[in-house]
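# Architecture and fold: a report
Here is how the chains run, residue by residue.
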Amino acid sequence: PSAEIVEGDSVTLICSSDSNPPALNFIRFKENQTSAVGSGQRFSISSINSSHNGPYYCKAQNKYGSQRSA
């Protein structure tokens, strides 16, 4: 994080990839959840609260496969 985030703030998470060929799809997961919480490069939370707490990661996919972020 580049700044302190407080309850009620808007937050945007951005996924990027330098794969060749470029990633066609991005899927976002919250750690320890089996279903995706979003797709696309940008995921916005308009009013953050404690239920949003926790690590998030992205999975980028191109025609050769997929890779999960750290």
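Residues numbered from 1 in each chain as written. Predicted model: local features only at pLDDT ≥ 70, side-chain atom pairs only at ≥ 80, totals over all residues. Heavy atoms only, no water.

Going by the annotation in an unreviewed UniProt entry, the name recorded for the protein is Ig-like domain-containing protein, with Cirrhinus mrigala given as the source organism.

## Some thoughts on the nonpolar core
Here is the rule: Nonpolar cores were defined as sets of buried Ala, Val, Leu, Ile, Met, Phe, Trp, Tyr and Cys residues, with membership established by side-chain atoms within 4.5 Å. Classification of residues uses two cut-offs on accessible area relative to the type maximum, computed with a 1.4 Å probe and protein chains only: under 20% is buried, over 50% is exposed, and between them is partly exposed. What makes two residues a contact is simply this: any of their non-hydrogen atoms within 4.5 Å.
Listed in full, the five residues of the largest apolar core are C15, A23, F26, C58 and A60. In contact with C15, other than residues within four places in its own chain, are F26, R28, Q41 and C58.

## Focus: the state of the cysteines
As a reminder of what qualifies: Two cysteine sulfur atoms make up a disulfide if the distance between them is within 2.5 Å. The helix count covers DSSP runs of H or I at least four residues long, the strand count covers runs of E at least two residues long, and both are numbered beginning at the N terminus.
Here the structure, examined in full by the defined rule, presents one disulfide. Covalently, C15 is tied to C58 through a disulfide, its sulfur atoms 1.6 Å apart. With C15 in the loop between β1 (11–14) and β2 (25–30) and C58 in strand β5 (residues 56–62), this pair connects stretches of sequence that are 43 residues apart.

## Side note on the pattern of salt bridges
The following threshold applies: Salt bridges are defined by distance alone: a side-chain nitrogen of Lys or Arg within 4 Å of a carboxyl oxygen of Asp or Glu.
Under the definition given, this model contains one salt bridge. Put simply, E31 and R68 hold a salt bridge, and the shortest N to O gap is 3.3 Å. Placement of the pair is E31 in the loop between β2 and β3 (38–39) and R68 in strand β6 (residues 65–68), with a sequence separation of 37 residues. Residue classification places E31 among the partly exposed residues on the basis of a relative accessible area of 30%.

## Quick word on the packing of aromatic side chains
Our working rule: Centre distance within 6.5 Å is the pairing criterion for rings of Phe, Tyr and Trp, where only the six-membered ring of Trp is used; planes under 30 degrees apart are then read as stacked, over 60 as edge-to-face, and the remainder as tilted. Criterion for a charge above a ring: Lys NZ or Arg CZ within 6 Å of the ring centre, and within 35 degrees of the ring normal.
Throughout the structure, instances matching the rule amount to two aromatic pairs. With centroids separated by 5.4 Å and ring planes inclined at 20 degrees, the aromatic side chains of F29 and Y57 adopt a geometry described as stacked. Here the residue F29 occupies a position in strand β2, and Y57 occupies one in strand β5, the gap between them amounting to 28 residues. Each member of the pair, F29 as well as Y57, carries the same accessibility label: buried. Ring plane angle 40 degrees and centroid distance 6.5 Å describe the contact between F43 and Y56, whose orientation is recorded as tilted. Note that F43 is positioned in strand β4 (residues 42–45) and Y56 in strand β5, a separation of 13 residues in sequence. Looking at Y56, the relative accessible area reads 22%, which means it is partly exposed. One Lys or Arg, R68, reaches over the ring of Y57 and ends 3.5 Å from the middle of that ring.

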